[in-house]
Amino acid sequence: MSIRHGLLALLERGPRYGSQLRTEFESRTGSTWPLNVGQVYTTLNRLERDGMVAQGGEDAAGHTLYAITDSGRAELRTWFEKPVDRTSPARDELAIKLAMAVGAPGVDIRAVIQSQRRHTVKAMQDYTRLKAQALLAVESGEARERDDVAWLLVLEQLIFQTEAEARWLDHCESRLIRLSATTGTGTTTGTGTSTAPAGPAGPGVPAPQGTSATGTPGAR
């Protein structure tokens, strides 16, 4: 996540001080990626070093204000126009966990998948509930509509992301069961034991209203 570019985008709206930038960043993203003041000031110091921001005096309360420079605006325009690079994807803890669980002694990989599926379905339900609240806020036309729209976009990205994760978990389970059946190696556990498939949302997990066969809510 590019904190530096997020701060530059906020500074383009006018000079800000550190804690103000933190508050506005979290408001715009619904605190999905919380920042601490130390991160903000460390990033501001680096941006100042690189000539992208400059200190611009103080406000009435004595807070040091930072302003974006022409170099910072050019950097921000480039960031907006350039696609996010996917050639070096970020490490995904879940993918690494499942990769390491395959064949690990004493690890039932299906149990790992089912546990994650329950968590993923719960997250989708929470995101869907928050999306409904964000839609109401946007439709009300309140003063913070811009922040509400931004938060709505973030929530929808999280919903799509968790939908994809749930489908991938279903695929992983099916793949392991097929491999176990064809090779007789007991791939689903590290002890050579295989069991029958569980339901799409895992044992004891009800699918949220309006979900697909994988237990994922459709895009609203």
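Residues numbered from 1 in each chain as written. Predicted model: local features only at pLDDT ≥ 70, side-chain atom pairs only at ≥ 80, totals over all residues. Heavy atoms only, no water.

Peer 1: What am I meant to see in the overall build of the protein chain here?
Peer 2: For the protein chain, the count of helices and strands is seven helices and two strands. Partitioning the contacts of the protein chain with sequence separation of at least 6, the portion at a separation of at least 24 is 60%. Taken as a whole, the protein chain presents about 12,600 Å² of accessible surface, with 55% of it coming from carbon and sulfur. (Helix = DSSP H or I, 4+ residues; strand = E, 2+ residues; numbered from the N terminus. Contact = heavy atoms within 4.5 Å. Areas by Shrake-Rupley, 256 points an atom, 1.4 Å probe, with all protein chains shown as cover.)

Peer 1: I would appreciate a short explanation of the packing of aromatic side chains in the present structure.
Peer 2: Remark: the centre distance and the inter-plane angle together describe each pair of aromatic rings, the angle taken between the planes. Tallied over the entire structure, the rule returns two aromatic pairs. For the ring pair Trp79 and Phe80, a centre distance of 5.3 Å and an interplane angle of 40° mean the geometry is tilted. (Phe/Tyr/Trp six-rings, centres within 6.5 Å; stacked < 30°, edge-to-face > 60°.)

Peer 1: Quick question: what am I supposed to make of the packing of helix H1 (residues 3-11) against helix H3 (residues 37-49) here?
Peer 2: Packed helices, taken two at a time, are described by the angle between their axes plus the distance between the axes. Interaxial distance between H1 and H3 falls to 10 Å at its minimum, and their mutual angle equals 80°. Taken together, H1 and H3 sit at an angle that is classed as roughly perpendicular. The segment H1 lies against H3, with Ile3, Arg4, Leu7, Leu8 and Leu11 engaging Gln39, Val40, Thr43, Leu44 and Leu47. Of the residues contributing to the contact of H1 with H3, the split by class is seven nonpolar, two polar and one charged. (Axes fitted to C-alpha atoms, helices over the stretch in contact; angles between N-to-C directions. Parallel < 35°, antiparallel > 145°, perpendicular 65-115°, else oblique. Nonpolar A, V, L, I, M, F, W, Y, C, P; charged D, E, K, R; others polar.)

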